[in-house]
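Coordinates in review
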Amino acid sequence: MEQVTLNTADLKSQEYFLNMGPQHPATHGVLRLILTLDGEVVKNIEPDLGYIHRSIEKQCEYEGYKQIIHLTDRMDYLSAHINNEAVALAIEQALEIEVPERVKVIRTIMGELTRIASHLLWWGVMGMDVGALTTFMYAFRDREMINDIMEETCGARLTMSYSTPGGVMFDLHPNFQKRVKEFIPHLRKVIPKYDELLTGNVIFQKRMKGVGYLSKEDAISLGASGPVARGSGVHSDIRKIKPYSALDKVDFKEIIYTEGDNLARYKVRMDEMLESLNIIEQLIDNIPDDGIQAKTKALIKLPKGEFLQRVETARGDLGVYIVSDGKKNPYRVKFRSPGFSNLNALIEMGKGHLIADLVAIMSTLDFVVPDIDR
Amino acid sequence: MSYIGDIIGGIKTLLNGMKVTGAYFFPNIINRKYVITRQYPDEPAIVFERFKGEVVMWHNENNEHRCTGCQACEIACPNGSIEIIWDRVLNPETGKKVKQIDQHIYHLGMCTMCNLCIQACPTNAIMWSTNFHNSTYDRSQLTKVLNRPGSKLMAGVEE
Ligand code: SF4
Ligand code: SF4
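Residue and element names in this part refer to chain B. With nine bridges connecting them, strand β3 (residues 82-90) and strand β4 (residues 97-107) associate as antiparallel partners. Bridge pairing links Asp87 to Gln100 in β4. Linkage of β3 to β4, two consecutive antiparallel strands, is achieved through a turn of six residues, within which Gly95 is found at a positive phi near 75°. Here β4 pairs with strand β6 (residues 143-145) via three bridges, running antiparallel. If you follow Tyr106 over to β6, its bridge partner there is Lys144.

On to the site of ligand 2. In the vicinity of ligand 2 lie 14 residues, with Cys67(B), Cys70(B), Gln71(B), Cys73(B) and Cys121(B) positioned nearest. Of the residues belonging to the shell around ligand 2, the class tally is nine nonpolar, five polar and no charged.

All names here are of chain A. Interhelical geometry of helix α12 (residues 338-350) versus helix α13 (residues 355-365) gives an angle of 150° and a closest axis separation of 10 Å. The pairing of α12 with α13 is recorded here as roughly antiparallel in orientation. Read as a crossing pair, α12 and α13 show a hand that is right-handed. Across the interface between the two elements, Asn342, Leu346, Met349 and Gly350 from α12 touch Leu358, Ile361, Met362 and Leu365 from α13. Residue classes in the contact of α12 with α13 are distributed as six nonpolar, two polar and no charged.

Applying the stated criterion to the full structure yields seven aromatic pairs over all chains. Centre to centre, the rings of Trp122(A) and Tyr266(A) are 5.5 Å apart; their planes meet at 55°, and the pair counts as tilted. On the criterion of sequence distance, the pair formed by Trp122(A) in helix α4 (residues 101-129) and Tyr266(A) in helix α11 (residues 262-284) is long-range, its members being 144 residues apart. Take Tyr266(A): its relative accessible area is 0%, and that puts it in the buried class. A connected cluster of aromatic rings, assembled from ring pairs, spans Trp122(A), Phe204(A) and Tyr266(A). Seen from the ring of Tyr24(B), Arg141(A) lies directly overhead, with NZ or CZ sitting 4.7 Å from the centre. Looking at Arg269(A), its charged tip hangs above the ring of Trp122(A), at a distance of 4.9 Å from the centre.

Our focus in this paragraph is helix α2 (residues 65-72) of chain A. Counting buried positions over the eight residues of α2(A) gives seven, a clear majority of the element. Residues Tyr65(A), Gln67(A), Ile68(A), Ile69(A), His70(A), Leu71(A) and Thr72(A) constitute the buried set of α2(A).

The next subject is the pattern of salt bridges. Residue and element names in this part refer to chain A. For the coordinates displayed, the defined rule picks out 32 salt bridges over all chains. The salt bridge partner of Asp171 is Arg102, with a shortest N-O separation of 2.9 Å. On the criterion of sequence distance, the pair formed by Asp171 in the loop between β5 (167-168) and α6 (176-199) and Arg102 in helix α4 is long-range, its members being 69 residues apart. Look at Asp171 and you get partly exposed, because its relative accessible area is 33%. Overall, the relative accessible area of 10% leaves Arg102 in the buried class.

Our next topic: the domain arrangement of chain B. Under the domain assignment used here, chain B contains domain 1 (2-34) and domain 2 (54-153). Centre-to-centre separation of domain 1 of chain B and domain 2 of chain B, based on C-alpha positions: 56 Å.

This part takes up the interface of chain B and chain A. Counting residues at the interface gives 29 residues for chain B and 32 residues for chain A. Interface area for chain B against chain A, summed over the two sides, is near 2600 Å², with a carbon-plus-sulfur share of 58%. Area buried by chain B at its contact with chain A is led by Val20(B), Phe48(B) and Arg50(B), which between them contribute 29% of it. Linking chain B with chain A are one salt bridge, by the criterion used here. Of the charged contacts, one joins Lys206(A) and Asp6(B) as a salt bridge, the two residues approaching to 2.6 Å between their closest N and O atoms. At the surface where chain B touches chain A, the tally comes to 10 residue pairs in polar contact (both at pLDDT 80 or more).

About the criteria used
- Residues numbered from 1 in each chain as written.
- Chains lettered and ligands numbered in written order.
- Predicted model: local features only at pLDDT ≥ 70, side-chain atom pairs only at ≥ 80, totals over all residues.
- Heavy atoms only, no water.
- Pairing = 2+ DSSP bridges.
- Helix = DSSP H or I, 4+ residues; strand = E, 2+ residues; numbered from the N terminus.
- Near = heavy atom within 4 Å.
- Nonpolar A, V, L, I, M, F, W, Y, C, P; charged D, E, K, R; others polar.
- Axes fitted to C-alpha atoms, helices over the stretch in contact; angles between N-to-C directions.
- Parallel < 35°, antiparallel > 145°, perpendicular 65-115°, else oblique.
- Left-handed = near helix turned anticlockwise from the far one by under 90°.
- Contact = heavy atoms within 4.5 Å.
- Phe/Tyr/Trp six-rings, centres within 6.5 Å; stacked < 30°, edge-to-face > 60°.
- Buried < 20%, exposed > 50% of the residue type's maximum accessible area, 1.4 Å probe, protein only.
- Lys NZ or Arg CZ within 6 Å of the ring centre and 35° of its normal.
- Salt bridge = Lys/Arg side-chain N within 4 Å of Asp/Glu carboxyl O.
- Domains from an automatic or database assignment.
- Buried area = accessible area lost by both parts, 1.4 Å probe.
- Polar contact = N/O pair within 3.5 Å; in protein donor to acceptor, adjacent residues only side chain to side chain.

As structure tokens, this is what we get:
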């Protein structure tokens with residue numbers, strides 16, 4: 001009988017492709033990554049978009065200026081309020097109207113609450129992605145308090161459509177201040193618990209430290225923004241660079257870490273939650289009382305021209321660019337979404353890591369796929 | 001050596017984490033004070049008064065509504081969720097033809113709860129209801145006629 005011998009020198013290793021997504025739980029949505037792998041090591045990442053494209057920018061061209069706002073809820077649904085605010089601010093800038101102080105303060109408080117809610121959700125899901133299932137329960141327990149605050153005042157938990165050009169939809173609910181004041185000490189109390197539960201954990205630290213390095217130069221040249229850029233030491237907080245609404249009146253720190261790895265991005269978000277609480281605390285006690293709506297026409301027409309408004313959402317720098325030709329609907333609307341440019345950074349970060357690490361890196365980027373894929 | 005040290009460190013921090021979950025779990029089995037999960041069909045859901053569930057039209061006890069058929073809500077709606085079917089009828093008292101709604105059709109399945117129609121309505125004819133039990137087996141059931149059969153315009157409400 002012939003003996004079959006296996007000569008290991010004849011075995012060749014070769015690169016192969018793997019589809020991660022579009023229905024992969026760790027991509028948090030319908031994002032497809034085409035991975036080039038060598039064994040388990042990621043050689044190249046090619047994101048493939050379009051699975052949740054709803055052509056929001058094109059739809060905006062057929063809508064009046066008031067009606068655009070509800071579409072922006074559906075982009076980055078975790079920062080819905082901040083998206084609404086961005087469009088409202090852009091329209092106000094074009095119309096050159098000054099909104100009441102009360103509106104500015106309300107928008108800022110709501111924006112920071114949204115940011116905390118978004119970061120809480122991220123924290124829960126981040127834990128899940130690296131294998132700590134409890135974090136999700138804790139984060140959702142505390143996020144529920146913000147959702148309740150939102151529901152009580154805006155009538156919806158996520159897609160609020162609360163800002164309108166010139167003001168806000170409803171006045172604050174009488175319970176608003178009380179509820180926010182209950183929430184602030186509660187979150188201050190639980191964040192150290194979060195740290196104890198997850199941040200200090202050795203297994204977690206090993207997954208995070210030194211993984212997914214993004215240098216400052218790369219962060220700038222790839223257009224990364226938000227916590228991703230600030231984790232690499234880039235001064236990029238629009239709230240500091242170009243304060244909008246009531247943010248010029250409050251005193252807060254921009255959180256910057258210079259390590260550029262997963263842990264740095266994690267810490268930026270954790271610290272940002274506390275900083276957002278600081279902002280809310282400074283504003284909550286003296287909300288001015290001068291109306292919730294500036295005078296606007298029922299049918300808004302913008303003057304001819306181009307208008308740009310940048311805001312800092314929970315994910316980074318959102319730019320709203322409106323080109324108007326003087327009609328009742330815009331000629332062109334462009335959203336510069338933070339998720340899209342942060343996705344470029346993923347390609348840089350993921351190379352050379354294992355697939356399991358790629359999942360951890362992706363969760364520190366905090367993707368919301370409808371935001372990438374408008 | 002550092003391998004064993006890592007294992008010990010891992011166990012230590014794990015126990016640390018268990019302390020947090022334990023401190024939440026054990027007191028709560030005894031008195032369910034901080035339990036926030038609601039057993040929904042058995043316990044009622046908490047819905048806030050402003051919750052935007054669906055658009056409804058307000059009717060008084062004489063089956064009268066306040067909708068003049070001005071179509072402001074239809075124009076304000078960003079996605080065509082509202083259709084007004086209207087007609088001009090002769091008002092016997094003044095001898096003038098006035099607008100009157102036949103059907104105020106509302107497609108709940110398309111509505112994005114943006115509040116623009118309610119803001120636009122000059123006579124406050126429509127408002128939010130907090131009802132969220134809207135699941136059906138067929139989406140055609142989500143198209144509703146808001147004005148009740150046989151209802152008419154409340155006296156004194158004008159465009
Ligand atoms: S809430 Fe908005 S989407 Fe719904 S019917 Fe009214 S205007 Fe249309
Ligand atoms: S519901 Fe209000 S806005 Fe709509 S047609 Fe009737 S009166 Fe006009």
